[in-house]
Amino acid sequence: MTYVPHSSDKLNAVHYFVNHSEQFPGVSVALEKFLKTPSMDTARDVMRLYFKGHQQGDIEPLNKIASAFSDKRTTLAIVDSLLNDPDMLDYIAERSYPHPIGFDKLVLFHDEETNFKFRLHIYWRGNQRASMERLHLHRFEMASAIITGELTNHTWGVTKYVPEAANDIMPSMALNELDPLSTKQVMMHAYSGYWRDAKGVLHKKHLGHCELSRLTSETHVSGQSYAQILEDAHYVETNAETGLSNGDVCSTIYIHSGGLKDDGGRKMPVLFEDKELDNPDEIIDTIPNISIPKLRQKLEHYKEFLESNLQFYDWLYDEKHGRNLSTGMIAGYLLAEQYHNPHILSVWIEHEHECKALLREHEAVIKQLVRGDITLNDISDDNRNKRYYTILLDKADKHPRGKDYWLAHYGDLTKEMWRYCGAIKGHKPDVTLLKPIWQEAAGVKLPGGSHYGHVAAMLEAAYEVKSMIMDAYRQDVVMEFKSEQSPVTETDKKVEDRIKFILRGHYPDYGFYGEEGGDDDAGAPPQEGDKRFLVDPIDGTRNFANGLDDFATSIACQVFQDGQWETTDGVVSIPTTGKIYWAEKDQGAFLIENNDREYRIKPPENMPVNDNVAPMMRAMLNYSIRGFGVDAEKAMMNFVIDNKISYRVTGAAATMLTTSAKNDHHAAIITANDYDVAAGVLIAQEAGAQVKTFDFKRDGQDFTAILAARNSDVFAALDKQIAATLSPTSKKPAAKPPRRGAPKRGL
C-alpha cells in the first residue's frame, strides 16, 4: 500500500491539542491506541473520554477530534469490526434508518453518560442536490469528517425571530451578531423538526417567522472535517468528488454532543421553509429502522466501495508513476465542472485544444494563489472551482520541498492531465474506480500505448526540451571540443540540465548519467536494483551545430541487475521531424508523430518478393564504425560495395537505430557510447529488430559495436561479415550497455 492515509500535520495538530489541554485527560493515549488499531471499540473509547471534558461552545476541539476519523483506512477498519460483531449490528440496527433525503443514517454508538452520538452517514446517490435537504437549525453542536466524496456546508445566521402567538415550544432563540455586509437576507417560516408529543407522535409544527442572513458556503473534501455551532442554521450539499454523478458516494463520520443545556432556549431542532405549508401542524410518520440483514448488506457494500476507493488511491500515488498523479486527477475535475460531464477521457480526446486552453486559465489562478498575489477569499464561494483551487493550494503549502518547488513540478495542469491520461491508458484492469469517470476508456479506441512511470517522465522531458533545441537550431551555434571527436555546445549543457531537473522531480533517488555532466554517482559501485537515467541531450551535436536535421535527444532508464545495467525504458526524440520513438521492455515500441498521432510499430513481416533482387541490394545501411581500425573499415566498405548496399553515415546513433526499428530493409552498425545507444537499442528490439553486440579491442582500447536489423537475411549477412572483420573477443545475442565506465570513443 502506497497511499498515505492521514496528513501528519493534521494528526500532529490533534495530538498537540489533546496533549496540551487539561480539559481532556486520557484522550491522547486513547487516540494513539485508536490510530494503531482502529475499530469501533477504540473509536468509542476516544469519544467517551473526549465528551467527558467537552463543554458547550468547544467547536475547535470538536473539529480537531473529528479530523482523526477523516480517513478511509480507519473508517474501513471500523466497518470491518462492526461486520465481525453481531451484537453491534443488532445495536446499530435498532437506532438507524434511511433518511428521506437520500442517505443512510447509521448510529454506531449513543453514549448514555454524556449523550453524544457517533454516526456514519452514507449518501448513496451520486448527486445529492441542495434542495433535497431543508435549511435547518440543530439543538446540538456537531462535527462532520468527510470520508469519501465531498460536502458543501451552506450556513445562515438567524437575525430575527417572530414567534406564533402562545407558542410554548420555542419561547426564545439566540440571535447571531452578523456581519452587516452579508450578501443575502430572507424571511422564512420556522417549523419544529420534529416535536414529539406526550403520546410519542411526531409533529412538524409551525413555530413562527425568522429572518436569516447568508454566511458562507464552504466545500470540504475527503480527508477534511468541519464543525457547526449551535447558533447557525445550515444545509449540506453532498457530491461525488467532481461535483457530478461519478459512480461515487459521499460518506461522513458525524459526531454530535448531547444538545442544549439551557432550558430557556429552544427545545428542538428547527426546519425552515420559504413558503408556509398548508398544514400548520403536520403529523410525521416514524421511519422504520433498518433490519439487521439490510444493515449488513449496506455495510458490506460500503466496505467494498472503500476497498475499491483505496485501491484507486494506491494506484494514484504509486511510486511507479514518479510524481503522484493527483494533480492530473484534479485537472480532470476542473474540466468535469466546465463541461458538466464526468467522462473526461472522452472530453479530452474530442476537445483537446479547448481543454488545454481552459487548464491554462486555471493555471494562472493557481500561480497567483501560490505566490500570494490573491487569496481564496478573493474567489467567490459560488465558484465551484474554488474547492479544487483549495486542494491544489494545500498541496503546494504542504509540499516538503516548498511551494515554489511544487509550482515548478506540478503547476502545469495540462502536463499533469496528459500524465494522468497516459497512466489511465496503461492502468491494470483491477483498478475500477477511476475519477472522474474513466470506465468508458475500455470502449474508447485509444491511440498508442500507456504513458506512465518512467516513460511518462522521459516523454515529458523530451517534449519540454524540444523547444529549447529548436530555438537554437540554425542559429549561430558555437561548438567546443571535449576531445578530438566529441563536440559540445551550450545548448547541449542547458538541455541536459533541464532533462535532469524534470527526471529528478519524478525520481529523486535515481542516478543520472549524462554525456555532458558525466556520472553524478561516480565512484560508488552500483548495487543490485539500483536505477539510473542515461541521457544524451543532443546525439549528433555536429549535425545540430551545422544546421543538419539528423540529431536526437536520447533518454534511457536502466536497472542494475545480475552485475550489469539493463535498459527498461527508452525514448528517442527527433526535434526536426516532431517524431518521438519510445519503448518499454517487453511491451513493444511506439512512434508519436506531430506530437499527437501515436501508433505501435508493427513487427517485421519478412515477406518474400517476386523478383530476383537479393535482400542486400534492398538494404539501406546506416553505419558509423569509428574504432574498427583502417583495415577493418576497408573490409567493411568492400563488403558494402560488392553487395551493392546503399549506405550513409548520419552522425547520430539514436536516429540510426530508430530508422532500423521502423524500416524492414534498413540496418545499422554503430560503435558509440552507452548513452548514445541504450534507448535506441531497446526501441529497435521492441520493434522486432534483431540486435547483437560485439566487444573488441583496438589500439589498447575497449569498444562495443552494435548491429541492428529487422530483416533476418540482412541481419545474418552483416553478422557474418562483422564477425569475420573484427574477430571480436566476445559476442552477445542482445545489446547490453557496458557497466559503469562507458567507452570514451564514439560519435
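Calculation rules
- Residues numbered from 1 in each chain as written.
- Predicted model: local features only at pLDDT ≥ 70, side-chain atom pairs only at ≥ 80, totals over all residues.
- Heavy atoms only, no water.
- Helix = DSSP H or I, 4+ residues; strand = E, 2+ residues; numbered from the N terminus.
- Buried < 20%, exposed > 50% of the residue type's maximum accessible area, 1.4 Å probe, protein only.
- Contact = heavy atoms within 4.5 Å.
- Areas by Shrake-Rupley, 256 points an atom, 1.4 Å probe, with all protein chains shown as cover.
- Pairing = 2+ DSSP bridges.
- Polar contact = N/O pair within 3.5 Å; in protein donor to acceptor, adjacent residues only side chain to side chain.
- Phe/Tyr/Trp six-rings, centres within 6.5 Å; stacked < 30°, edge-to-face > 60°.
- Lys NZ or Arg CZ within 6 Å of the ring centre and 35° of its normal.
- pLDDT = per-residue confidence, 0-100.
- Salt bridge = Lys/Arg side-chain N within 4 Å of Asp/Glu carboxyl O.
- Core = buried A, V, L, I, M, F, W, Y, C linked by side-chain atoms within 4.5 Å.
- Axes fitted to C-alpha atoms, helices over the stretch in contact; angles between N-to-C directions.
- Expected span 1.5 Å × (residues − 1).
- Arc of directions from axis to C-beta.
- Parallel < 35°, antiparallel > 145°, perpendicular 65-115°, else oblique.
- Left-handed = near helix turned anticlockwise from the far one by under 90°.
- Nonpolar A, V, L, I, M, F, W, Y, C, P; charged D, E, K, R; others polar.

Here's the deal with the overall build of the protein chain
Scanning the protein chain for helices and strands turns up 21 helices and 30 strands. Taken over 747 residues, the protein chain has a buried fraction of 55%. In the protein chain, the share of contacts with a sequence separation of at least 24, taken over all contacts with a separation of at least 6, comes to 72%. Accessible surface for the protein chain amounts to roughly 32,700 Å². Of this, 48% is attributable to carbon and sulfur atoms.

Focus on the pairing of strand 6 (residues 150-163)
One face of the sheet, then the other: side chains in a regular strand alternate in exactly this way. Judged by how many residues are buried, strand 6 sits mostly within the fold: ten of 14 residues are covered. Relative to strand 9 (residues 202-221), strand 6 is paired through twelve bridges, and the arrangement is antiparallel. Note on strand 9: the bridge partner recorded for Asn-153 is Glu-218.

Points about the environment of Ala-668
Within the secondary structure, Ala-668 is located in strand 27 (residues 666-671). The class for Ala-668 is buried, based on a relative accessible area of 1%. Placed twelve residues apart in sequence, Ala-668 and Met-656 show a C-alpha to C-alpha distance of 6.0 Å. Beyond its immediate stretch of four places on either side in the chain, Ala-668 contacts Leu-621, Asn-622, Met-656, Ser-660, Ile-706, Leu-707 and Ala-708.

Focus: unusual backbone geometry
One non-glycine residue with positive phi stands out, namely Asn-115, at about 70°. Residue placement: Asn-115 occurs in the loop between strand 2 (103-110) and strand 3 (117-123). Asn-115 sits in the partly exposed class, given a relative accessible area of 34%.

A closer look at the side chain of Gln-228
Among the structural elements, Gln-228 can be located in strand 10 (residues 225-228). Within the local environment of Gln-228, its side chain forms a polar contact with the side chain of Asn-153, the two groups lying 3.0 Å apart. Those residues within four positions of Gln-228 in sequence are excluded, and the remaining contacts are Ile-59, Glu-141, Met-142, Asn-153, Thr-155, Ala-233 and His-234.

Here's the deal with the packing of aromatic side chains
Here the structure, examined in full by the defined rule, presents 27 aromatic pairs. Members of the aromatic cluster, connected to one another through ring pairs, are Phe-24, Tyr-50, Phe-51, Tyr-91, Phe-109 and Phe-116. Directly above the aromatic system of Tyr-191 lies the positively charged group of Lys-204, at a separation of 5.7 Å from the ring centroid.

Side note on the confidence of the model for the protein chain
Residues of the protein chain with pLDDT of at least 70 account for 83%, and the chain-wide mean is 83. The least confident element of the protein chain, judged by mean pLDDT, is strand 30 (residues 730-732) at 46; the most confident is helix 6 (residues 86-95) at 96. Note that pLDDT drops below 50 for residues 126-131; the model gives that stretch 17 contacts with residues more than four away or on any other chain. In this model residues 607-611 is a low-confidence stretch, pLDDT under 50, and it forms two contacts with partners more than four residues away in sequence or in other chains.

What about the pattern of salt bridges?
Inspection of every chain in the model, using the stated rule, returns 27 salt bridges. With its nearest N and O atoms 2.1 Å apart, the salt bridge here joins Arg-387 to Glu-150. Placement of Arg-387 in helix 11 (residues 386-398) and of Glu-150 in strand 6 is noted, with a sequence separation of 237 residues between them. For Glu-150, a relative accessible area of 0% translates into the label buried. Each of Arg-323, Lys-415, Glu-416, Arg-419, Glu-460, Glu-464 and Arg-498 takes part in one network of salt bridges that share partners.

Structural notes on the environment of Met-268
Following the sequence through the fold, Met-268 ends up in the loop between strand 12 (250-256) and strand 13 (270-273). Expressed as a C-alpha distance, the spacing of Met-268 and Arg-196, which sit 72 residues apart in the sequence, is 9.7 Å.

Focus: the nonpolar core
Residues Met-47, Phe-69 and Phe-118 are the most contacted members of the largest nonpolar core, which totals 88 residues. Ranked by residues supplied to this core, first place goes to helix 7 (residues 292-316) with ten residues. The contacts of Met-47, once residues within four sequence positions are left out, are Ile-65, Phe-69, Phe-116, Phe-118 and Ile-255. Ranked by size, the runner-up nonpolar core spans 32 residues in total, among them Tyr-513, Leu-591, Ala-654 and Ala-678.

What to know about the sheet that holds strand 12
Judged by pairing direction, the sheet is antiparallel, and its six strands sit side by side in the order 1-2-3-12-5-10 without closing on themselves. Because the sheet does not close on itself, it has two edges, and the strands there are strand 1 (97-98) and strand 10. In the sheet, strand 2 pairs with strand 3 via seven bridges, with the strands oriented antiparallel. Bridged to Phe-109 within strand 3 is Phe-118. Across the sheet, helix 4 (residues 59-67) touches strand 5 (142-148), strand 10 and strand 12, and the angle it forms with strand 10 is around 150°.

Some thoughts on helix 18 (residues 630-642)
Along its 13 residues, helix 18 runs 18 Å from first to last C-alpha, staying within 8% of the 18 Å computed at 1.5 Å per residue. For helix 18, the set of buried residues is Ala-632, Met-636, Met-637, Phe-639 and Val-640. What you see down the axis of helix 18 is that its buried residues fit within an arc of 155°, all on one side. For helix 18, the exposed residues lying more than 90 degrees away from the buried face are Val-630, Asp-631, Lys-634 and Asp-642.

Quick word on the packing of helix 2 (residues 27-36) against helix 3 (residues 40-53)
Contact geometry of helix 2 with helix 3 gives a least axis separation of 9 Å together with a crossing angle of 165°. Between helix 2 and helix 3, the angle is such that the two are roughly antiparallel. In terms of crossing hand, the pair formed by helix 2 and helix 3 is left-handed. For the pair helix 2 and helix 3, contact is made by Val-27, Ala-30, Leu-31, Lys-33 and Phe-34 and by Thr-42, Ala-43, Asp-45, Val-46, Leu-49 and Tyr-50, respectively. Here the residues of the contact of helix 2 with helix 3 sort into eight nonpolar, one polar and two charged.

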